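# Descriptive structure summary
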Number of protein chains: 2
Amino acid sequence: MAAGRSMEWVKGVKGVILDMCGVLYDSGEGGGQPIPGSVEAIERLMGSGLIVRFCTNETQNTREKFVQKLQRMGFNISVSHVFSPAPALLRILRERGLQPHLLVHDDLMAEFDGVEMTSPNCVVIGDAADRFSYQNLNEAFGVLIGLEKPILFSLGQGRYYKETDGLKLDVGGFMKALEYACDVQAEVVGKPSAEFFQSVLRDMDLQPHEVVMVGDDLVNDVGGAQRCGMRGVQVRTGKYRPSDEQHPSVKADAHMDDLAAAVDAILISDL
Amino acid sequence: MAAGRSMEWVKGVKGVILDMCGVLYDSGEGGGQPIPGSVEAIERLMGSGLIVRFCTNETQNTREKFVQKLQRMGFNISVSHVFSPAPALLRILRERGLQPHLLVHDDLMAEFDGVEMTSPNCVVIGDAADRFSYQNLNEAFGVLIGLEKPILFSLGQGRYYKETDGLKLDVGGFMKALEYACDVQAEVVGKPSAEFFQSVLRDMDLQPHEVVMVGDDLVNDVGGAQRCGMRGVQVRTGKYRPSDEQHPSVKADAHMDDLAAAVDAILISDL
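Computed from a predicted model, the values in this text were never measured in an experiment. (Residues numbered from 1 in each chain as written. Chains lettered and ligands numbered in written order. Predicted model: local features only at pLDDT ≥ 70, side-chain atom pairs only at ≥ 80, totals over all residues. Heavy atoms only, no water.)

## Details of the packing of helix α6 (residues 171–182) of chain A against helix α6 (residues 171–182) of chain B
Look at α6 of chain A against α6 of chain B: their axes get within 7 Å of each other, and the N-to-C directions meet at 145°. Remark: the crossing between α6 of chain A and α6 of chain B carries right-handed chirality. Between α6 of chain A and α6 of chain B, the residues in contact are Gly172, Gly173, Phe174, Lys176, Ala177 and Tyr180 of chain A and Gly172, Gly173, Phe174, Lys176, Ala177 and Tyr180 of chain B, respectively. Of the residues that constitute the contact of α6 of chain A with α6 of chain B, the class distribution is 6 nonpolar, 4 polar and 2 charged. (Axes fitted to C-alpha atoms, helices over the stretch in contact; angles between N-to-C directions. Helix = DSSP H or I, 4+ residues; strand = E, 2+ residues; numbered from the N terminus. Left-handed = near helix turned anticlockwise from the far one by under 90°. Contact = heavy atoms within 4.5 Å. Nonpolar A, V, L, I, M, F, W, Y, C, P; charged D, E, K, R; others polar.)

As structure tokens, then:
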């Protein structure tokens, strides 16, 4: 409907960055389900000549396994086009010579193969899901509070996400818990970090005003992209809630019913 | 040492409010250990004619069981002199006709005997310790996010506390996690809530300027009491950390090495 009122947001688009969970698919038991129409929408978009990248805060899997899961759902996506927090964090750890104490999902651990962790001088939390036990949180807290200068990295800062059986707490709340307990400010790696979006733009070789970000998370996808000078479109799937359309500080350039509708609007304007 | 420099803080004291954990005893396996000299200090204080009350954010036990534990350690304390969050919360639930979803310690559950909980319209969190699992946090989150107007009560807002085997995360971090995930502000019941301190002052029938609060928690004990017009003294036991003496916003009226030293200073001035 919004697209009918104004198509301003699709003018001059040369590239598209897509959030994945809640836009391409809904997560849940067995890896999740594609959102109807999204597999075909990705095909149309990839065949259009526009530059397309995927940008996820997914930290429940290595990037490789994550892309394999998407491929099994029918999405024609290659690993090199997917940007996720763990590889970005690994660069930061190397550059700053840091050794992490990890509180992350078991299935993410392979990303840290070969990383020295014998003398941790920072804590890294991701979407650890069931590993967010009181004991594991206390361990991470114990490392942080024992450091002269506590450093906490959070892989994303999502509030919650939708699985097929309901909404689940994301890493953001646990970041806030440790920030409060240790009186420290976390460094967020992933969306909505400007550094993270800029690394995607560099890879696309496009200017921010030439790119649209499409996501279901108003603050981290839409707001984060807009702060970098991109346009931000929210789809009404995934964690979208109607109240997002009256958010006090973030206003999407458009709302679209789903990815298929967003892609159609972009491709029509591109004709 | 601070007492040697200035005894201003003990002048005109008619009543004393004492924090318990970290001041009277250190918690831990088997219920904890009295801090050396504190059993005798309480005896001297109770025999002095000053009005004494105990004010705790303890929510791992009913008030009755908690006082029994202290009595077994040798402290001569009666239940009616102990103020804790759960009874204060029960009054609030009754006054506002609310039904709670509880995420509290198993041993606190008896405080809620007879409370109607079939249609929860608020969430209550206490120091649930090991019950702060991902699953239980998700359940509490699910109740909150499903309410048109989410109401979250937190029994205290401590950052962490000291057990004999180390520092442990207190309820405050989990309060922050749910606040963030649901975009809601918790109502804190217990210290440092002014309402909570004022209920103790009413029971003592004293004015705030006549009362000293002694605690190991700079923000919740000392700062909370000072905001109500009381004097606040921090002891260097329990969760005390040297950096507390350079806190950017809360300045204790005095620091004392332990409860015995604080009581001695108060009683000497009372002679």
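## So, the relation of the copies chain B and chain A
Superposing chain B onto chain A requires a rotation of 180° together with a translation of 0.0 Å along the rotation axis, leaving an RMSD of 0.0 Å. Read as a symmetry element, the transformation amounts to a two-fold axis. An overlap of 100% is found between the interface residues of chain B and their copies at the interface of chain A, pointing to a shared contact surface. (Least-squares fit on C-alpha atoms with pLDDT ≥ 70 in both.)

## Section: the pairing of strand β1 (residues 15–18) of chain B
Residue and element names in this part refer to chain B. Both faces of β1 are covered, namely the face carrying Gly15 and Ile17 and the face carrying Val16 and Leu18. Here 4 bridges tie β1 to strand β4 (residues 51–55), and the two strands are oriented parallel to one another. Of the residues in β4, the one forming a bridge with Ile17 is Arg53. Inspection of the sheet shows β1 paired to strand β12 (residues 211–215) by 4 bridges, in the parallel sense. From the neighbouring strand, Val16 faces β12, where its bridge partner is Val212. (Buried < 20%, exposed > 50% of the residue type's maximum accessible area, 1.4 Å probe, protein only. Pairing = 2+ DSSP bridges.)

## Some thoughts on the interface of chain B and chain A
Across the boundary between the two partners, chain B contributes 27 residues, which contact 27 residues of chain A. Interface area for chain B against chain A, summed over the two sides, is near 2500 Å², with a carbon-plus-sulfur share of 66%. For chain B, the biggest contributors to the area lost against chain A are Tyr134, Leu169 and Tyr180 of chain B; these three give 35% of the whole. Where chain B packs against chain A, one counts 10 residue pairs in polar contact (both at pLDDT 80 or more). When residues in the side of chain B that touches chain A are grouped by element, the largest group, 7 residues, is from α6 of chain B. Of the residues assigned to the side of chain B that touches chain A, the class counts are 14 nonpolar, 6 polar and 7 charged. (Buried area = accessible area lost by both parts, 1.4 Å probe. Polar contact = N/O pair within 3.5 Å; in protein donor to acceptor, adjacent residues only side chain to side chain.)

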